[in-house]
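Listed below, chain by chain, are the residues.
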Amino acid sequence: MKKALAIVLAILIFIVFALAFVKIPFGEKMSTYPHYYNPITNQTSNMSLPQHYLTYGKNDTGATNMVTAIVVDYRGFDTLGEVTVLFLASTGVGSLMYVENKVKKKVRRSNAVVETGSKLLFGFIILFGAYIFIHGHLTPGGGFPGGAVIASAFLLLYLAYPKFHAKHEKLSVSESIAGLTFVIVGLIGLIIAGYFLYNFLPFGLPTYLFSAGVIPLIYVAIGVKVGSELTAIVDSMMGVRE
Amino acid sequence: MDLFTIVSIILIIITVITAIIAAEMKDLLSAAIALGIMSLIVSILFYMLQAPDVAITEAAIGAALSMAVVIFAIRSTERWEK
Amino acid sequence: MIRPVLLIALPLFFAFLSPIIGIWSKKGVRYLIIFATALNATLAGILLLEALQKPVFDIIGGFQPPLGIVLMVGPLGAIIAFIINLVAFAISIYNLKVEKEPIVRYSMLYLLLVMGSTGMVLTGDLFNLFVFLEVTSIASYGLAAYNKDKKGYLGAMKYVIIGSIGSTFVLLGIALIYSQLRTLNMLDIAARIGTMDPYVKIMAFTSLFLGFGVEAEMFPLNTWVPDAYDGAPHPISAAFASLPAKAGVFALARVIFTMFSFTNFLWFVVVMGLLTVFFGEIVAYTQKDLKRMLAYSSIGQMGMIIMGLGIGTTLAVEGAFYQMIAHALGKALLFIAAGFLIYAARSGKIEDMKGMARNPLIGIPLLIGALSIMGMPPFAGFYGKFFILMGGFSQGYYAIIALFLAASIVEVAYYARFIKIVFERGNESKVIRPDAATYVPLIILAIIIVVIGVYPKPILTVLQHVGTFIAGGA
């Protein structure tokens, strides 16, 4: 009875939302989008918001990857919030998994193939993760996926060496320093140009590694932060082993 | 119908099936693995819809890390749902 | 001149700094949090003075509004932000009483809860509002389970499930709006809301309303409230009632007035508000547990605020805002006092607390807070209820007013019962003296309640701007 009710409710919600989502134009030409309006200067622009991003994005931010341009520069403040969300998640997991008298779990060794394989792969995975976030402004990827890849390298270590244990102090220091970098970059922009998170460094030549101003700096900070936070979550979940 | 549409329809159907399996399985470990498969297929869909950034993130977080965290959580309770 | 972004950037800075300080000194982190909230409250006060002149827009990243994110602070947003930070400062003193480890993580979560609630009030961008909603709710989940006992886990789990459903609804609503208008700036949305397809518009409004309704403790979505409040540490119960709830209801006001520009009577909102009031007040009457009673009473009060917003006349919305301020102060005070009473009586049951409030340091603030929440004339809570009533009266919604009054009488009844028990004679030997970390925040809050109750002119001056707020201004 309860289950039937739940299914009926789910189908009802699905239909109601499907009727609304049907009306969304999908794959339509960008020129038909409504033009945006600037509420501060009270002017209507002659193009839509996505069009503006694609047309002027490279000039505005210096990044060739438009997703990064939007994520880190146009809407960098949201990204700061999202980084904080992840920070909160890792802090919350840490505070919930905290136990005063740690009971040490007995674990077995995993086999030699896994150990050797993960030893070989660990460095490469870290390198790949670092590549993803360092080149975030040029190629697809960025701080979040790069950090996640780095954390998955640590996950491999946890699986291969059951006694492996990352130092919590070190992880929290690295995530704090990365977070502080992000906020301080923002505050420097506020001091220099009067806008928080202003891209105050020179843009350089597009498609070069040292371009797009503060974007690589912020993405490296995000990568380190996400990597250490996700590792901390995995570490807290694993508990203490002997 | 071109190949793109056929492939995406097949992938969407697999996504729905794995999602239902993940919700209905009494064996929590299998449910977690079904969830991982779902994330992987969703990430392929993202890639097909030309969102490589989202696809990378979804593959790394959805298929690897969150599944690992769920499995660690299952390990500290029981494997079978009552 | 104060930039609103500092109210968000500085707490973030201190929160990221605290793990490093925590390595040397855990006590240092506690005082750092008090300093950070005090600094924030001061900045918010200065910001309020500025916003009274004209609305403050803070462009972030140097991109003009619909391209980038903008913070939009009108007088009303500024006063809610000020009250949130003021209450957060008072509660952060009471935080010194929390003994349980890991205290550094607790302090960070608390500071980010404050930051998220402030951000929800200050932002002028719809997606940014969602991000801050996430910050606030994820910080709340962690804090609700902080006690790590059965009650805490139950409350936190309920909160997580309902909260994530709410967040999903908000995200769906944002997707619907963006798909039609291709913009996320609130004022830009407001300017072009008329061009949306009517069905999509209604769906978007409903999704956003239900989504923010979770934080605003609206009727069908508030089953998490009593459990989460009951299971959380005492300072956090106080914080829940006054920080995320107020930010959530302010977000509702933003959705109704700023974005969707509804100006007249909104029956949907009023019905939801009335149901919330009745559910809260009647269940509160039956509660024997102090913190659960206060939690249900909080639901009732939030319902009154939602109702005031729904009636939609200048007077009623003014009342709703006054009620937000009074409730933030009063409920925080009552929860702090409740924390002390539970500690003194070693039990959460009201009947075990006979005469526990007979020490004047705890008794007088408790009495002031309870009377203010009941809506007694010389205290802050009176004006809120009075204005909502007058707002409804002038429009001729007599049935609604009658129901509202009935609910208020129920409220007076159970608070009177509670006061009678805690001030009863006998049991003098067991009465203990609160320490400074308990009575200092109580006295701060009580003084503010009395001052804005006896001399409401400054608040009323700020609330004069309700007219522009309803008309869709900042």
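Residues numbered from 1 in each chain as written. Chains lettered and ligands numbered in written order. Predicted model: local features only at pLDDT ≥ 70, side-chain atom pairs only at ≥ 80, totals over all residues.

A. Quick look at the overall build of chain B. Along chain B, the regular secondary structure elements total three helices and zero strands. Each helix and strand of chain B, ordered N terminal to C terminal, gives the series α-α-α. Here the C-alpha coordinates of chain B stretch approximately 45 × 25 × 10 Å along the principal axes. The buried share of chain B, reckoned over its 82 residues, is 28%. Partitioning the intrachain contacts of chain B with sequence separation of at least 6 by distance along the chain shows that 50% fall at a separation of at least 24. (Helix = DSSP H or I, 4+ residues; strand = E, 2+ residues; numbered from the N terminus. Buried ≥ 20, exposed ≤ 12 C-beta atoms within 10 Å, placed from the backbone. Contact = placed C-beta atoms within 7 Å.)

B. Spatial organisation of unusual backbone geometry. Phi at Leu197(A) is positive, roughly 65 degrees, even though this residue is not glycine. Looking at the secondary structure, you find Leu197(A) in the loop between helix 7 (168–193) and helix 8 (215–238). Take Leu197(A): there are 31 C-beta atoms within 10 Å of it, and that puts it in the buried class. With phi around 60 degrees, Glu217(C) is a residue other than glycine that occupies positive phi space. The buried category is assigned to Glu217(C), around which 29 C-beta atoms lie within 10 Å.

C. A look at the interface of chain A and chain B. Chain A puts 17 residues into the contact, and the matching count from chain B is 12 residues. Looking at the side of chain A that touches chain B, the element that brings in the most residues is helix 6 (residues 143–160) of chain A, giving seven residues.

D. Expanded view of the interface of chain A and chain C. Chain A puts 50 residues into the contact, and the matching count from chain C is 58 residues. Of all the secondary-structure elements, those providing two or more residues to the side of chain A that touches chain C are helix 1 (2–22), strand 1 (37–38), helix 2 (49–61), helix 3 (66–74), helix 4 (76–97) and helix 7 of chain A. By residue number, the principal contributor to the side of chain A that touches chain C is helix 4 of chain A, which donates 14 residues. When its residues are assigned to classes, the side of chain A that touches chain C shows 29 nonpolar, 14 polar and seven charged. (Nonpolar A, V, L, I, M, F, W, Y, C, P; charged D, E, K, R; others polar.)

E. Geometry of the arrangement of the chains. Out of two pairs of chains that touch, the pair holding the most contacts is chains A and C. A gap remains between chain B and chain C, which never touch, and the nearest two C-alpha atoms on either side lie 15 Å apart.

F. Highlighting the nonpolar core. With 267 residues, the main nonpolar core has Leu252(C), Ile306(C), Leu329(C), Ala332(C) and Leu341(C) as its most contacted residues. The element that contributes the greatest number of residues to this core is helix 14 (residues 314–345) of chain C, accounting for 22 residues. One finds Ala32(B), Ala34(B), Leu35(B) and Met38(B) within the second-largest nonpolar core, a separate group that totals six residues. (Core = buried A, V, L, I, M, F, W, Y, C linked by C-beta atoms within 7 Å.)

G. Molecular detail of the confidence of the model for chain C. For chain C, mean pLDDT is 88; residues scoring 70 or higher make up 100% of the total. Prediction confidence for the complex, expressed as pTM and ipTM, is 0.94 and 0.92 respectively. (pLDDT = per-residue confidence, 0-100.)

H. Examining the environment of Phe87(A) more closely. Residue and element names in this part refer to chain A. Counting through the fold element by element, Phe87 comes out in helix 4. Judged by the 28 C-beta atoms lying within 10 Å of it, Phe87 is buried. Residues Phe87 and Ser172, spaced 85 residues apart in sequence, show a C-alpha to C-alpha distance of 9.8 Å.

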